Amino acid sequence: TIWSAFTNITIEEWEYYLKRRKEQGFTVLQINTLPQWDRCMSDTGLYPFATEDEGKTFDFARWNERYYENAAVMCRMAVEQGFQLALVVLWLNYVPGTWGSRIMSQNIMPEDFVQEYTEKVVSVFDKFHPIYVVSGDTDFDTPEAVNYYRIALNTVCEKSPESLKTLHIRRGYDVIPQEFIPEIDFYMFQSGHNRDGQEMAHLLPQNFLRKYPKKPMINAEPCYEQMGYSRKVYGRFRAESLRKAAFDSLLSGACAGVTYGAHGIWNWQKIHKKKNSILGEGFDTSFPWEEAIQFPGAWDYGWIRQFFTVRRIQELIPANELLLNDTDEIRVACTQDGRYLIYLPYSTKVKLDRELTGYEVQAVELETRRCALVDYSVQEGCTVIDMHPFGSDALLILEKV
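Draft legend 1. Molecular detail of the side chain of His263. By secondary structure assignment, the location of His263 is in the loop between α8 (239-250) and α9 (289-292). For His263, the side chain forms a polar contact with the main-chain oxygen of Asp284, separated by 2.7 Å.

Draft legend 2. Molecular detail of unusual backbone geometry. One non-glycine residue, Gln226, adopts positive backbone phi at about 65°. With respect to the helices and strands, Gln226 occurs in the loop between β8 (217-219) and α8. Its identity is not glycine, yet Arg312 carries a phi of approximately 55°, on the positive side. Mapped onto the elements, Arg312 comes out in the loop between α10 (296-310) and β9 (317-318).

Draft legend 3. Highlighting the packing of helix α3 (residues 65-80) against helix α5 (residues 114-125). Close contact between α3 and α5 brings their axes to 10 Å; oriented N to C, the two are set at 45°. Accordingly, the angle class assigned to the pair α3 and α5 is oblique. Crossing of α3 against α5: the hand is right-handed. Across from Glu65, Tyr68, Ala71, Ala72 and Cys75 in α3, the residues of α5 making contact are Tyr117, Lys120, Val124 and Phe125. Class assignment of the residues belonging to the contact of α3 with α5 gives a composition of seven nonpolar, no polar and two charged.

Draft legend 4. Spotlight on the nonpolar core. Counting 118 residues, the largest nonpolar core has Ile2, Phe6, Trp14, Leu90 and Phe125 as the members making the most contacts within it. Tallying contributions element by element places helix α6 (residues 143-159) first for this core, with nine residues. With residues near it in sequence (within four places) discarded, Leu90 still touches Leu34, Val95, Met109, Val114, Val134, Ser135, Gly136, Tyr148, Tyr149 and Ala152. Among the nonpolar cores identified, the runner-up in size contains 21 residues, and Tyr359, Val361, Ala372 and Leu396 belong to it.

Draft legend 5. Seen up close, the packing of aromatic side chains. Inspection of every chain in the model, using the stated rule, returns 36 aromatic pairs. Centroid distance Phe189 to Phe208: 6.2 Å. Interplanar angle 35°. Geometry classified as tilted. One end of the pair, Phe189, is in strand β7 (residues 187-189); the other, Phe208, is in helix α7 (residues 200-211), and 19 residues separate them in sequence. Each member of the pair, Phe189 together with Phe208, is buried. Members of the aromatic cluster, joined through ring pairs, are Phe6, Tyr47, Phe49, Phe58, Phe60, Trp63, Tyr67, Tyr68, Phe113, Tyr117 and Phe125. If you follow Lys120 out to its NZ or CZ, it ends over the ring of Trp63, 5.2 Å from the centre. Taking the ring centre of Tyr68 as reference, the NZ or CZ of Lys120 above it sits at 5.0 Å.

Draft legend 6. Molecular detail of the pattern of salt bridges. Taken as a whole and assessed by the stated rule, the structure comprises 22 salt bridges. In this structure, Lys19 engages Glu23 in a salt bridge whose closest nitrogen and oxygen atoms are separated by 2.7 Å. Of this pair, Lys19 and Glu23 both sit in helix α2 (residues 11-24), four residues apart, which is roughly one turn of that helix. For Lys19, a relative accessible area of 46% corresponds to the partly exposed category. One salt bridge connects Glu399 with Arg339, and the closest N-O pair in it is separated by 3.8 Å. With Glu399 in strand β17 (residues 394-400) and Arg339 in the loop between β10 (331-334) and β11 (340-344), this pair connects stretches of sequence that are 60 residues apart. Residue class for Glu399 comes out partly exposed when judged on its relative accessible area of 26%. On the basis of relative accessible area, Arg339 is assigned to the buried category, the value being 14%. When salt bridges with common partners are traced through the structure, they connect Arg243, Asp300, Arg369 and Asp393 into a single cluster.

Conventions adopted
- Residues numbered from 1 in each chain as written.
- Predicted model: local features only at pLDDT ≥ 70, side-chain atom pairs only at ≥ 80, totals over all residues.
- Heavy atoms only, no water.
- Helix = DSSP H or I, 4+ residues; strand = E, 2+ residues; numbered from the N terminus.
- Polar contact = N/O pair within 3.5 Å; in protein donor to acceptor, adjacent residues only side chain to side chain.
- Axes fitted to C-alpha atoms, helices over the stretch in contact; angles between N-to-C directions.
- Parallel < 35°, antiparallel > 145°, perpendicular 65-115°, else oblique.
- Left-handed = near helix turned anticlockwise from the far one by under 90°.
- Contact = heavy atoms within 4.5 Å.
- Nonpolar A, V, L, I, M, F, W, Y, C, P; charged D, E, K, R; others polar.
- Core = buried A, V, L, I, M, F, W, Y, C linked by side-chain atoms within 4.5 Å.
- Buried < 20%, exposed > 50% of the residue type's maximum accessible area, 1.4 Å probe, protein only.
- Phe/Tyr/Trp six-rings, centres within 6.5 Å; stacked < 30°, edge-to-face > 60°.
- Lys NZ or Arg CZ within 6 Å of the ring centre and 35° of its normal.
- Salt bridge = Lys/Arg side-chain N within 4 Å of Asp/Glu carboxyl O.

Quick look at the structure:
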């Protein structure tokens, strides 16, 4: 997630950002086409509309073409480096009747301008073949919000029928209007940044599998590295929390991908630049972007992508019904060719309600990527896997030999 790219990042900074993220193994960039409401203050002076007060108030009748010209340059640079763009059309604070617009009521887009704005987005960016993320961090709890997003989604479908389309929804939320389901190609959900509630990483994909027609799923906003807990709760998410969120999602049905975020990157924190006066969810101060881009969790997520690619894993089928341990924190999934992946936050014996004779069990310590072979036994119709030897979170890989 690099939500604030078009307003906050210079071309020179963008060039370095793309180089480093490509080295780390990332493939998709999630960007807000409008100014991110809780970003850090910008010194680029670029806004999509005329403004006399640094973006606090927009004149929606006057486009700032320089903003779109610069955004197009950034998109071209990203595509030339092999990145897929995922562009948000309408973040929630621009839409009435959402939780965000109740906090920040200025710059709500007029309803009769939504179609024109969406057409502008498609006209500028469609040549880069982006994924269109029609909503940003939103809920659909009011008729107003549903109507705004209906207009935007219908317009994208009409003007860019071949593109992939999806919706980015708020933390812990699993409501999508039924009328939108046929028009979107995959589901995004958000396990989010609350200290309590991280189990949403596996509960939400389970809910989507139960409630909606089957489509690919992505955790589009797990906890961000070094993000302060929401609502000003003391503490920060570290790399191990991000790994848990990733594997909880991937092994629970959301195996189409996973998004990495770093506090200081999404909002583009520069030294001596204040954060926006809008606090959003009340996060603690972010690290400067130059430091945030080096956080170790970025390399962990790059490794996950490499692991899935090398192992040729294209779909994971949730299989926690096999787990006989009395906990939801261990996650189990299998592939269509009979391999099993088990994520363990802490080392313990694992008992599965299935005889898995003739398998080899390998444990990967996710922090260091050290590997170990682990013994197991088959008894009374069950498989019992011994403790792995590592002191932190690990992934067990069971393969036929």
